[in-house]
Amino acid sequence: MRGRSLWQVEISLWLATLVSVLIARRLFDTWDYAPLWLILAMGGHASAAVTRRQRWPLAAAATASVVMLIIVEGLALYSDTLWLRVAPSAETLRHAAADIAAAWRAFGIVEAPTPATAGFLAVGGVAVWLAAFVADTLALRAKSMGPALLPAFGVLAFVGALGTDAWRIRSAAAVIVCAVAFAAAYGIHHTGDRTAVGSSEQRRASVPMRTALRLGTAAAVGAALLVPLLPGSDAPAIVSWKDLDGSAPASRVTISPLVNAQGRLVGTSGAELFRVQADEPAYWRVSGLSRFDGTFWGSEQVYGNATRHLGARADDDLLTQRFTVGALDSIWLPAAYEPVGYHGPDVLYDPETGTLVTQHSNELEPGMTYTVHSDADVPSVAGLVAAGDEVPPDIAETYLALPEDFNERVAGLAGDITADATGPYAKALALQNFFLENFVYALRVPSGHDTERMEQFLFSERRGYCEQFAGTYAAMARAIGLPSRVAVGFTPGELVDGTFVVRGEHYHAWPEIWIGGRWVYFEPTPGRGAPGAVVYTGVAPQQVVPGDPDAAGEAGSGFIGAQGLEDLEGLSGDLEGFVDVLDFEGSQSPTGRWSEWLVVPFYAVLAVGIGWLITVPSVVRIRRALHHRRARHDERAAVAAAWDDVAETLFSLGIDQRATETHTEFADRVDRRLRIDSGEMHALATAAQEAAFASEPPAPQTVAGAKEHAQHLETRIQSARSRWDRLGTACRPAAMVAGPRSRRRRRSTLDGEMTKAG
């Protein structure tokens with residue numbers, strides 16, 4: 001392929017891949033996936049482009065691309081496990097295998113939007129990289145336009161089948177615009193291969209392609225804007241394939257919000273998610289997770305209309321909360337447990353877990369407001385102590401279930417910890433105190449809460465964050481006969497002028513135990529404590545240190561101690577001196593998931609790219625100037641320098657002077673190829689040939705004429721090419737050495753001719 005319009009083809013193909021990555025937002029509840037996938041998309045195209053331009057065989061290019069993919073994904077997702085911080089180790093492979101297995105199991109049950117878990121990021125990232133590499137290979141190695149677009153349309157079909165309904169038409173229109181742009185650039189490129197640069201035939205042939213590009217883009221954009229306005233465009237499908245089992249719209253299955261707890265705590269720590277106006281602080285709960293399959297905690301909930309289930313009005317015994325949504329990007333609505341009344345936009349409600357979600361997979365909109373009335377009374381110690389061990393069959397069936405192969409070592413430890421406790425409350429309290437007295441809070445640990453991770457957490461590391469504490473506590477509680485689940489939500493947040501401001505760093509998870517006919521939450525995570533619960537947990541109200549989600553996590557932080565039951569009974573009237581960090585100043589930590597490994601290489605590549613765009617043309621100009629400077633006192637060298645300038649420009653177009661050609665023969669071939677028809681090329685060739693072989697040096701007017709001819713020829717050649725072609729040619733690495741190559745070829749030709757003459 002010629003390089004005249006190759007950059008247009010490559011850029012249009014890159015754009016199609018990047019748009020495909022962006023429309024994948026319909027699969028996830030946040031943009032957390034985008035930075036990694038965009039970099040992987042660019043990496044796949046870059047590896048394909050570099051190896052193709054270096055004329056590597058396809059097998060070698062594919063191997064190099066896969067190696068780069070492994071390195072980039074390893075740095076992104078498993079940097080702490082890499083050998084020498086670069087190469088995957090056995091631990092890296094083990095973590096990756098566990099994440100991918102969890103993603104595969106989740107894929108069969110979840111419905112978008114879902115959190116961007118490590119498994120989804122890894123598998124999707126591989127698909128994005130390979131799609132980019134394959135698209136480039138099909139388009140520019142196999143020279144096949146149609147198949148090159150299959151990866152982009154494949155992503156569109158996948159997202160359309162499994163993603164949310166948001167931006168359906170606009171997503172399709174964006175991909176179609178990119179496809180039209182690629183088809184037009186591809187056609188222009190191949191038209192340029194068949195006709196001469198600067199020829200009238202090329203211009204006439206490229207006009208239809210450019211017209212098709214404009215019309216196709218206008219049609220796609222127009223359809224994206226007008227089709228959603230047509231009557232019936234938002235009507236339900238006549239046959240909804242997503243509801244073939246008849247369970248929608250009341251049934252929704254979503255991946256557990258617990259599985260991405262670490263990413264939420266680290267990645268969005270400073271972002272203001274929502275605000276709450278309430279008379280008292282509380283844990284703002286978003287979901288209750290009832291099912292544990294040995295890999296992650298999740299739930300399959302059946303929802304009904306919230307206004308039908310929650311009809312209670314506000315009264316003095318209820319906690320009234322008025323929520324204003326900010327950057328909270330999810331389907332779950334926070335609320336203090338247990339909601340009994342709701343006022344606001346239409347939502348769905350699951351009475352079993354007390355979970356509010358949006359309808360039809362829509363996400364919360366910034367500025368949305370709603371009011372919840374909750375029965376948030378705190379149980380008394382006396383009532384909890386008096387509760388018996390009886391568990392209703394329906395509760396036992398769901399909330400005592402554990403995998404058949406549940407880790408016996410973990411179950412045995414739970415039995416040892418609670419061996420001396422009598423009654424469900426005493427056992428739950430003993431289990432909580434075990435964590436608070438022996439573990440520390442830390443975010444910089446491997447994520448996950450499967451049984452293997454539990455064993456590491458309990459017996460070797462004894463460090464973790466809420467995901468490990470809540471998930472491990474709940475599983476151990478089930479192992480000793482305590483019905484349990486994991487609640488996910490937020491700690492109260494920062495109190496500002498009577499309003500609780502909740503940020504990403506307040507994300508939290510805690511266990512809930514069924515005792516005496518009600519769900520009671522406990523707090524095994526050091527550095528966290530629910531408001532009001534101190535009367536039965538012995539843990540003072542506390543939450544994250546502002547701006548530092550990893551702090552306030554020493555063993556026993558905020559823990560009053562392993563109190564006896566008789567001691568806890570009197571705590572409700574004497575809370576003076578306990579830790580309460582609700583009234584701290586706002587966090588100044590940055591938002592976003594761009595960690596150092598991602599930001600630094602990204603800006604390094606960007607800086608290198610900008611520097612390259614500046615450096616290469618500058619080096620070419622300087623080299624040419626020095627060449628002419630050295631030849632200013634030598635008439636023969638001055639004419640040769642003028643010829644070299646034109647020969648270099650032609651060389652960048654793929655037109656090179658053969659070793660067997662004289663200057664005038666080369667000029668004839670250039671004239672036939674470019675159809676310049678000016679006579680200047682022949683005049684310059686004649687002057688250069690005479691300067692090289694004549695016994696007398698050329699006259700000054702011949703030197704001046706050669707320089708003038710060279711300038712005119714370069715101007716005419718460059719003006720016949722597009723701006724992108726000129727930029728691409730000027731920035732090619734070969735441009736920095738094209739001049740010396742031309743001179744070496746010319747010297748070789750002259751030496752050969754002189755040998756023949758001798």
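Residues numbered from 1 in each chain as written. Predicted model: local features only at pLDDT ≥ 70, side-chain atom pairs only at ≥ 80, totals over all residues. Heavy atoms only, no water.

**Q** Explain the packing of aromatic side chains to me, please; I cannot follow it from the model alone.
**A** We describe a pair of aromatic rings using the distance from one ring centre to the other and the angle between the two ring planes. Applying the stated criterion across every chain yields a total of 28 aromatic pairs. Both rings, one in Phe 274 and one in Phe 490, keep their centres 5.2 Å apart while their planes meet at 80°; by these two values the pair is edge-to-face. In this pair, Phe 274 is assigned in strand E2 (residues 272–278) and Phe 490 in strand E16 (residues 484–490), connecting sequence segments 216 residues apart. The pair formed by Phe 274 and Phe 490 is uniform in burial state, with each residue classed as buried. Through pairs of rings, three or more aromatic residues link up here, namely Phe 274, Trp 284, Phe 323, Tyr 342, Tyr 370, Phe 490, Phe 500 and Tyr 507. The positively charged end of Arg 409 is found above the aromatic ring belonging to Phe 459, 3.9 Å away from the centroid. A cation sits over an aromatic face here: Arg 528 above Tyr 441, 4.5 Å from the ring centre. (Phe/Tyr/Trp six-rings, centres within 6.5 Å; stacked < 30°, edge-to-face > 60°. Helix = DSSP H or I, 4+ residues; strand = E, 2+ residues; numbered from the N terminus. Buried < 20%, exposed > 50% of the residue type's maximum accessible area, 1.4 Å probe, protein only. Lys NZ or Arg CZ within 6 Å of the ring centre and 35° of its normal.)

**Q** Which parts of the structure should I look at to understand the sheet that holds strand E13 (residues 369–374)?
**A** Strand pairing in a sheet relies on backbone hydrogen bonds. The paired strands run either parallel or antiparallel. Strand order in this open sheet of 6 strands is E10-E13-E7-E2-E18-E17, and the pairing throughout is antiparallel. The open sheet has two edge strands, strand E10 (339–343) and strand E17 (494–496), and neither has a second partner. Pairwise comparison of adjacent strand axes, ignoring direction, gives a mean angle of 30° for this sheet. Strand direction decides the pairing type here: E17 and strand E18 (residues 499–503), joined by 3 bridges, are antiparallel. Its bridge partner lying in E18, Val 496 is registered against Thr 499. (Pairing = 2+ DSSP bridges. Axes fitted to C-alpha atoms, helices over the stretch in contact; angles between N-to-C directions.)

**Q** I'm lost on helix H2 (residues 34–53) in this one. Help?
**A** Residues that lie three or four places apart on an α-helix share one face, since the helix turns once every 3.6 residues. Here H2 is 20 residues long and its end C-alpha atoms lie 28 Å apart, about the 28 Å a rise of 1.5 Å per residue gives. Burial analysis of H2 places 15 of its 20 residues in the buried class, which makes it a mostly covered element. Positioned one or two residues after H2, Arg 55 has a phi angle of 60°, which is positive. (Expected span 1.5 Å × (residues − 1).)

**Q** Where do I start with the pairing of E13 in this structure?
**A** Along any regular strand, the residues point their side chains to alternate faces of the sheet. Within E13, 5 of the 6 residues are buried, which leaves it mostly tucked inside the rest of the structure. The sheet contact formed by strand E7 (residues 319–325) and E13 spans 6 bridges and is antiparallel. Of the residues in E13, the one forming a bridge with Arg 322 is Thr 371.

**Q** Explanation requested: the environment of Leu 58 in the structure shown.
**A** Checked against the element boundaries, Leu 58 lands in helix H3 (residues 58–77). Accessibility expressed as a relative area gives 43% for Leu 58, which makes it partly exposed. Put simply, Leu 58 and Thr 137 are 79 residues apart on the chain and 8.4 Å apart in space, counted from C-alpha to C-alpha.

**Q** Where do I start with the pattern of salt bridges in this structure?
**A** Note that side chains of opposite charge can pair when their charged atoms are close. Scanning the model with the defined rule gives 11 salt bridges in all. A salt bridge links Glu 10 to Arg 52; the shortest N-O distance between them is 2.6 Å. Here Glu 10, found in helix H1 (residues 6–23), pairs with Arg 52, found in helix H2; they are 42 residues apart in sequence, far enough to count as distant. Across the pair, Arg 52 and Glu 10 agree in class, each one buried. With a closest N to O distance of 2.7 Å, Glu 661 and Arg 669 form a salt bridge. Accessibility classification places Glu 661 together with Arg 669 in one group, the buried group. (Salt bridge = Lys/Arg side-chain N within 4 Å of Asp/Glu carboxyl O.)

**Q** How should the confidence of the model for the protein chain be read in this particular structure?
**A** A low pLDDT means the predicted coordinates there should not be read in detail. Averaged over the protein chain, the pLDDT score is 74; the fraction of residues at 70 or greater is 71%. No element of the protein chain has a lower mean pLDDT than strand E1 (residues 251–254), which averages 38, and none a higher one than strand E9 (residues 335–336), which averages 94. Taken as a whole, residues 259–268 scores under 50 in pLDDT and shows 42 contacts with residues more than four places along the chain or in a different chain. (pLDDT = per-residue confidence, 0-100. Contact = heavy atoms within 4.5 Å.)

**Q** Is there a simple way to explain helix H22 (residues 663–674) in this structure?
**A** For H22, built from 12 residues, the straight-helix expectation of 16 Å at 1.5 Å per residue is met to within 8% by its first-to-last C-alpha distance of 16 Å. When we look at burial in H22, the residues that qualify are His 663, Phe 666, Ala 667, Arg 669, Val 670 and Leu 674. Across the axial projection of H22, the buried residues extend over an arc of 165°, all falling on one side. The positive-phi residue at the C-terminal boundary of H22 is Arg 675, with phi of around 55°. (Arc of directions from axis to C-beta.)

**Q** Looking at this structure, I do not really get the sheet that holds strand E20 (residues 518–521). What am I missing?
**A** Strand order in the open sheet formed by 5 strands is E9-E3-E16-E19-E20, and the pairing between neighbours is antiparallel. The sheet terminates laterally at E9 and E20, the two strands that pair on one side only. Here E16 pairs with strand E19 (residues 507–515) via 7 bridges, running antiparallel. Looking at E19, one finds that Ser 484 is bridged to Ile 513.

**Q** For this particular structure, what's the right way to read the nonpolar core?
**A** Proteins that are soluble and globular tend to have nonpolar side chains buried together. Grouped together as the largest cluster of nonpolar side chains are 82 residues, with contacts concentrated most on Trp 284, Phe 435 and Phe 522. With 8 residues, helix H17 (residues 466–479) is the largest single contributor of residues to this core. Counting residues in each nonpolar core, the second largest holds 24 residues, with Leu 653, Ala 687, Ala 691 and Leu 713 among its members. (Core = buried A, V, L, I, M, F, W, Y, C linked by side-chain atoms within 4.5 Å.)

**Q** Got a minute to help me understand the packing of helix H21 (residues 635–652) against helix H23 (residues 680–693) in this structure?
**A** A pair of packed helices can be characterised by two numbers: the angle between their axes and the separation between those axes. Orientation of H21 relative to H23, taken along the N-to-C sense of each, is 135°, at an axis distance of 9 Å. By the criterion of interaxial angle, the relationship of H21 to H23 is oblique. The way H21 lies across H23 gives a crossing that is left-handed. When H21 is examined against H23, the residues Arg 636, Val 639, Ala 642, Trp 643, Val 646 and Leu 650 are found in contact with a partner set consisting of Met 681, Leu 684, Ala 685, Ala 687, Ala 688, Glu 690, Ala 691 and Ala 692. Considering only residue class, the contact of H21 with H23 consists of 12 nonpolar, no polar and 2 charged. (Parallel < 35°, antiparallel > 145°, perpendicular 65-115°, else oblique. Left-handed = near helix turned anticlockwise from the far one by under 90°. Nonpolar A, V, L, I, M, F, W, Y, C, P; charged D, E, K, R; others polar.)

**Q** For this particular structure, what's the right way to read the packing of H21 against helix H24 (residues 700–719)?
**A** Between H21 and H24, whose axes approach to 9 Å, the crossing angle comes to 10°. By the criterion of interaxial angle, the relationship of H21 to H24 is roughly parallel. In contact with Glu 635, Ala 638, Val 639, Ala 642, Asp 645, Val 646, Thr 649 and Leu 650 of H21, H24 contributes Val 703, Ala 706, Lys 707, Ala 710, Leu 713, Glu 714, Ile 717 and Gln 718. Looking at the contact of H21 with H24 residue by residue, the classes come out as 10 nonpolar, 2 polar and 4 charged.

**Q** I'm lost on unusual backbone geometry in this one. Help?
**A** When glycine is set aside, most residues are seen to have a negative phi, and most peptide bonds are trans. Here the bond from Tyr 337 into Glu 338 is cis, since omega is 15°, no more than 30 degrees from zero. Within the secondary structure, Glu 338 sits in the loop between E9 and E10. Of note, the phi angle at Arg 462 is positive, near 55°, even though the residue is not glycine. Inspection of the secondary structure assignment puts Arg 462 in the loop between helix H16 (451–461) and strand E15 (463–464). Of the residues examined, Arg 462 reaches a relative accessible area of 29% and is grouped as partly exposed. At Asp 497, a residue that is not glycine, the phi angle is positive and equals roughly 50°. Mapped onto the fold, Asp 497 is located in the loop between E17 and E18.

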